[in-house]
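If you want the building blocks of each chain, they are given just below.
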Amino acid sequence: MVFILLMFLIDNFYSKEDWIKVNDIINNLKFKETYQPRHSPNIDNRLKAYPCHEAHSDELINILTKTLKEKTDLNIGFVRSAIRKIYLDELLQSPLGTEGSLHYDHACQFAGVVYFDGLSIKGGTSLYFHNEQFEPDVMYAARPNRAVIYKADTLHCANYDKAYKQRIIQTIFVS
(Lines give C-alpha, C1' and ligand atoms only; values in the text may rest on other atoms or scores of the structure.)
Protein backbone atom coordinates (compact mmCIF):
# COMPACT_ATOMS: atom_id res chain seq x y z
CA MET A 1 0.00 0.00 0.00
CA VAL A 2 1.33 3.45 -0.89
CA PHE A 3 0.51 6.51 1.15
CA ILE A 4 1.03 9.92 -0.36
CA LEU A 5 1.44 12.45 2.39
CA LEU A 6 1.51 16.12 1.65
CA MET A 7 2.61 18.25 4.57
CA PHE A 8 4.18 21.64 4.97
CA LEU A 9 6.31 22.86 7.88
CA ILE A 10 7.00 26.54 7.28
CA ASP A 11 9.02 28.62 9.72
CA ASN A 12 8.64 32.40 9.37
CA PHE A 13 5.30 31.73 7.72
CA TYR A 14 4.19 35.35 7.79
CA SER A 15 6.53 38.08 6.51
CA LYS A 16 7.88 40.39 9.24
CA GLU A 17 5.37 43.06 8.27
CA ASP A 18 2.42 40.67 8.19
CA TRP A 19 3.50 39.03 11.48
CA ILE A 20 3.36 42.42 13.21
CA LYS A 21 0.01 43.23 11.56
CA VAL A 22 -1.51 39.83 12.43
CA ASN A 23 -0.44 40.15 16.08
CA ASP A 24 -1.91 43.67 16.27
CA ILE A 25 -5.21 42.38 14.89
CA ILE A 26 -5.25 39.48 17.38
CA ASN A 27 -4.61 41.85 20.30
CA ASN A 28 -7.76 43.77 19.35
CA LEU A 29 -10.10 40.81 18.74
CA LYS A 30 -12.99 39.93 21.02
CA PHE A 31 -12.86 36.22 21.90
CA LYS A 32 -15.89 34.02 22.55
CA GLU A 33 -15.87 31.01 24.87
CA THR A 34 -16.42 27.80 22.94
CA TYR A 35 -15.13 24.24 22.70
CA GLN A 36 -13.94 21.65 20.23
CA PRO A 37 -15.32 19.65 18.57
CA ARG A 38 -18.24 22.02 18.17
CA HIS A 39 -20.34 19.43 16.38
CA SER A 40 -20.52 17.22 19.51
CA PRO A 41 -24.22 16.98 20.37
CA ASN A 42 -23.79 15.73 23.94
CA ILE A 43 -21.76 18.55 25.49
CA ASP A 44 -23.64 20.34 28.25
CA ASN A 45 -20.58 22.14 29.62
CA ARG A 46 -17.72 23.41 27.43
CA LEU A 47 -15.17 22.30 30.04
CA LYS A 48 -16.19 18.70 29.34
CA ALA A 49 -14.76 18.98 25.81
CA TYR A 50 -11.63 20.80 24.63
CA PRO A 51 -12.37 24.32 25.91
CA CYS A 52 -11.08 27.29 23.98
CA HIS A 53 -11.76 30.93 23.18
CA GLU A 54 -12.21 31.81 19.52
CA ALA A 55 -12.27 34.93 17.35
CA HIS A 56 -12.63 35.54 13.62
CA SER A 57 -11.40 38.27 11.31
CA ASP A 58 -11.84 38.73 7.57
CA GLU A 59 -8.62 40.75 7.50
CA LEU A 60 -6.72 37.81 9.00
CA ILE A 61 -8.20 35.44 6.42
CA ASN A 62 -7.06 37.78 3.64
CA ILE A 63 -3.50 37.89 5.00
CA LEU A 64 -3.53 34.10 5.52
CA THR A 65 -4.79 33.45 1.98
CA LYS A 66 -2.13 35.71 0.48
CA THR A 67 0.59 33.98 2.51
CA LEU A 68 -0.64 30.48 1.61
CA LYS A 69 -0.48 31.41 -2.07
CA GLU A 70 3.07 32.75 -1.64
CA LYS A 71 4.44 29.91 0.49
CA THR A 72 2.66 26.76 -0.78
CA ASP A 73 1.57 25.20 -4.04
CA LEU A 74 -1.89 24.39 -2.70
CA ASN A 75 -4.85 24.84 -5.02
CA ILE A 76 -6.71 27.34 -2.88
CA GLY A 77 -10.42 27.75 -3.43
CA PHE A 78 -11.74 28.75 -0.02
CA VAL A 79 -9.96 29.47 3.27
CA ARG A 80 -11.49 29.37 6.75
CA SER A 81 -9.58 30.36 9.85
CA ALA A 82 -9.97 31.27 13.50
CA ILE A 83 -7.72 32.47 16.25
CA ARG A 84 -7.93 30.24 19.31
CA LYS A 85 -6.70 30.83 22.83
CA ILE A 86 -6.51 27.76 25.01
CA TYR A 87 -5.94 28.19 28.74
CA LEU A 88 -4.23 25.61 30.95
CA ASP A 89 -6.58 26.18 33.90
CA GLU A 90 -9.58 25.31 31.70
CA LEU A 91 -7.90 22.29 30.09
CA LEU A 92 -7.10 20.84 33.49
CA GLN A 93 -10.86 20.77 34.21
CA SER A 94 -11.57 18.82 31.03
CA PRO A 95 -11.67 15.01 31.01
CA LEU A 96 -9.27 15.28 28.05
CA GLY A 97 -6.66 16.96 30.21
CA THR A 98 -3.99 18.64 28.16
CA GLU A 99 -4.20 16.18 25.26
CA GLY A 100 -6.50 17.23 22.46
CA SER A 101 -8.79 14.56 21.08
CA LEU A 102 -7.63 12.63 18.03
CA HIS A 103 -9.66 13.75 15.04
CA TYR A 104 -9.84 14.42 11.32
CA ASP A 105 -10.96 17.73 9.90
CA HIS A 106 -14.03 17.70 7.68
CA ALA A 107 -15.25 19.79 4.77
CA CYS A 108 -11.78 20.83 3.61
CA GLN A 109 -8.80 19.38 1.75
CA PHE A 110 -6.02 20.72 3.98
CA ALA A 111 -5.89 21.76 7.61
CA GLY A 112 -3.23 23.24 9.78
CA VAL A 113 -2.16 25.70 12.38
CA VAL A 114 0.06 28.72 12.89
CA TYR A 115 1.58 29.01 16.37
CA PHE A 116 1.84 32.35 18.14
CA ASP A 117 3.64 31.35 21.31
CA GLY A 118 5.63 28.60 22.97
CA LEU A 119 8.83 26.88 21.95
CA SER A 120 7.95 23.31 22.72
CA ILE A 121 7.30 19.96 21.09
CA LYS A 122 4.81 19.37 23.90
CA GLY A 123 2.86 22.42 22.72
CA GLY A 124 2.72 21.56 19.04
CA THR A 125 0.72 19.11 16.93
CA SER A 126 0.84 15.31 16.62
CA LEU A 127 0.01 13.51 13.36
CA TYR A 128 -1.02 9.84 13.13
CA PHE A 129 -0.92 8.04 9.80
CA HIS A 130 -2.79 4.89 10.88
CA ASN A 131 -6.01 4.56 12.89
CA GLU A 132 -4.88 1.75 15.16
CA GLN A 133 -1.77 3.36 16.64
CA PHE A 134 -1.26 4.90 20.04
CA GLU A 135 1.77 7.09 19.40
CA PRO A 136 2.14 9.74 16.71
CA ASP A 137 4.20 9.27 13.57
CA VAL A 138 5.20 12.92 13.64
CA MET A 139 5.17 15.60 16.33
CA TYR A 140 5.74 19.18 15.25
CA ALA A 141 6.95 21.61 17.88
CA ALA A 142 5.24 24.91 18.52
CA ARG A 143 7.31 27.90 17.50
CA PRO A 144 6.05 31.46 16.96
CA ASN A 145 5.24 32.10 13.29
CA ARG A 146 5.55 28.41 12.35
CA ALA A 147 2.83 26.90 10.15
CA VAL A 148 2.07 23.20 10.00
CA ILE A 149 -0.26 22.20 7.15
CA TYR A 150 -1.39 18.65 6.31
CA LYS A 151 -4.09 16.79 4.43
CA ALA A 152 -7.33 17.19 6.37
CA ASP A 153 -7.91 13.43 6.47
CA THR A 154 -4.75 12.98 8.58
CA LEU A 155 -5.57 11.91 12.13
CA HIS A 156 -4.13 14.53 14.48
CA CYS A 157 -4.38 16.21 17.85
CA ALA A 158 -3.23 19.35 19.56
CA ASN A 159 -0.56 19.06 22.23
CA TYR A 160 -0.33 21.35 25.24
CA ASP A 161 2.81 22.07 27.24
CA LYS A 162 1.84 22.58 30.90
CA ALA A 163 4.76 24.99 31.33
CA TYR A 164 2.64 27.62 29.52
CA LYS A 165 -0.55 29.17 30.91
CA GLN A 166 -1.99 29.70 27.43
CA ARG A 167 -1.62 28.56 23.83
CA ILE A 168 -2.51 30.87 20.94
CA ILE A 169 -2.97 29.41 17.46
CA GLN A 170 -4.52 30.26 14.13
CA THR A 171 -6.42 27.41 12.54
CA ILE A 172 -6.15 26.84 8.78
CA PHE A 173 -8.79 25.09 6.65
CA VAL A 174 -8.31 25.10 2.88
CA SER A 175 -10.87 23.79 0.37
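Since this is a predicted model, take the numbers as computed values, not measurements. (Residues numbered from 1 in each chain as written. Predicted model: local features only at pLDDT ≥ 70, side-chain atom pairs only at ≥ 80, totals over all residues. Heavy atoms only, no water.)

Enquirer: Summarise unusual backbone geometry; cite the residues concerned and give the values.
Expert: The peptide bond linking Q36 to P37 adopts the cis configuration, its omega dihedral lying at -10°. Counting through the fold element by element, P37 comes out in the loop between β2 (32–36) and β3 (50–55). At N12, a residue that is not glycine, the phi angle is positive and equals roughly 55°. By secondary structure assignment, the location of N12 is in the loop between β1 (7–10) and α1 (16–27). Residues other than glycine seldom take positive phi values, yet A107 does so here, at roughly 60°. Judged by its relative accessible area of 70%, A107 falls in the exposed class. (Helix = DSSP H or I, 4+ residues; strand = E, 2+ residues; numbered from the N terminus. Buried < 20%, exposed > 50% of the residue type's maximum accessible area, 1.4 Å probe, protein only.)

Enquirer: Give me the lowdown on the sheet that holds strand β6 (residues 120–128), citing residues and values where you can.
Expert: The strand order β7-β6-β9 describes an open sheet built from three strands, whose pairing is antiparallel. If you trace the sheet from one side to the other, it starts and ends with β7 (138–142) and β9 (155–158), each paired once. Ignoring strand direction, the axes of neighbouring strands in this sheet form an average angle of 25°. Pairing of β6 with β7 involves four bridges; the strand directions are antiparallel. Paired with S126 across the bridge in β7 is M139. (Pairing = 2+ DSSP bridges. Axes fitted to C-alpha atoms, helices over the stretch in contact; angles between N-to-C directions.)

Enquirer: Explain the sheet that holds β2 to me, using residue names and the numbers behind them.
Expert: What the seven strands build is an open sheet, ordered β1-β8-β5-β10-β4-β3-β2; its pairing is antiparallel. The open sheet has two edge strands, β1 and β2, and neither has a second partner. Across the sheet, the axes of successive neighbouring strands diverge by a mean angle of 25°, strand direction being ignored. Alignment of strand β5 (residues 110–115) against strand β10 (residues 166–174), held across six bridges, turns out to be antiparallel. Paired with V113 across the bridge in β10 is T171. Across the sheet, helix α2 (residues 58–71) is in contact with β1, β4 (79–87), β8 (147–151) and β10; its angle to β4 comes to roughly 110°. (Contact = heavy atoms within 4.5 Å.)

Enquirer: A description of α2 should follow, citing residues and the corresponding values.
Expert: Spacing of three or four residues puts side chains on the same side of an α-helix, whose turn is 3.6 residues. For α2, which comprises 14 residues, the first-to-last C-alpha distance of 20 Å matches the rise-based estimate of 20 Å (1.5 Å per residue) to within 8%. Among all positions of α2, only L60, I61, I63, L64, T65, T67 and L68 are buried. Those residues of α2 hidden inside the fold are in contact with α1, β4, β8 and β10. Where α2 starts, the residue carrying a side-chain oxygen 3.3 Å from the main-chain nitrogen of E59 turns out to be S57. (Expected span 1.5 Å × (residues − 1). Polar contact = N/O pair within 3.5 Å; in protein donor to acceptor, adjacent residues only side chain to side chain.)

Enquirer: Could you give me a rundown of the pattern of salt bridges, with the residues and numbers involved?
Expert: Inspection of every chain in the model, using the stated rule, returns four salt bridges. Taking the shortest distance from any N to any O, the salt bridge between D11 and R146 comes out at 2.6 Å. Taken together, the positions of D11 in the loop between β1 and α1 and R146 in the loop between β7 and β8 put the pair 135 residues apart, joining distant regions of the chain. You can call D11 partly exposed: its relative accessible area is 36%. A salt bridge links E54 to R84; its shortest N-O distance comes to 2.7 Å. Here E54, found in strand β3, pairs with R84, found in strand β4; they are 30 residues apart in sequence, far enough to count as distant. Using a relative accessible area of 13% as the deciding quantity, one classes R84 as buried. (Salt bridge = Lys/Arg side-chain N within 4 Å of Asp/Glu carboxyl O.)

Enquirer: A description of the pairing of β1 should follow, citing residues and the corresponding values.
Expert: Only one face of β1 is covered, namely the one carrying F8 and I10; the face carrying M7 and L9 has none of its residues buried. As paired elements, β1 and β8 share four bridges and run antiparallel to each other. From the neighbouring strand, I10 faces β8, where its bridge partner is A147.

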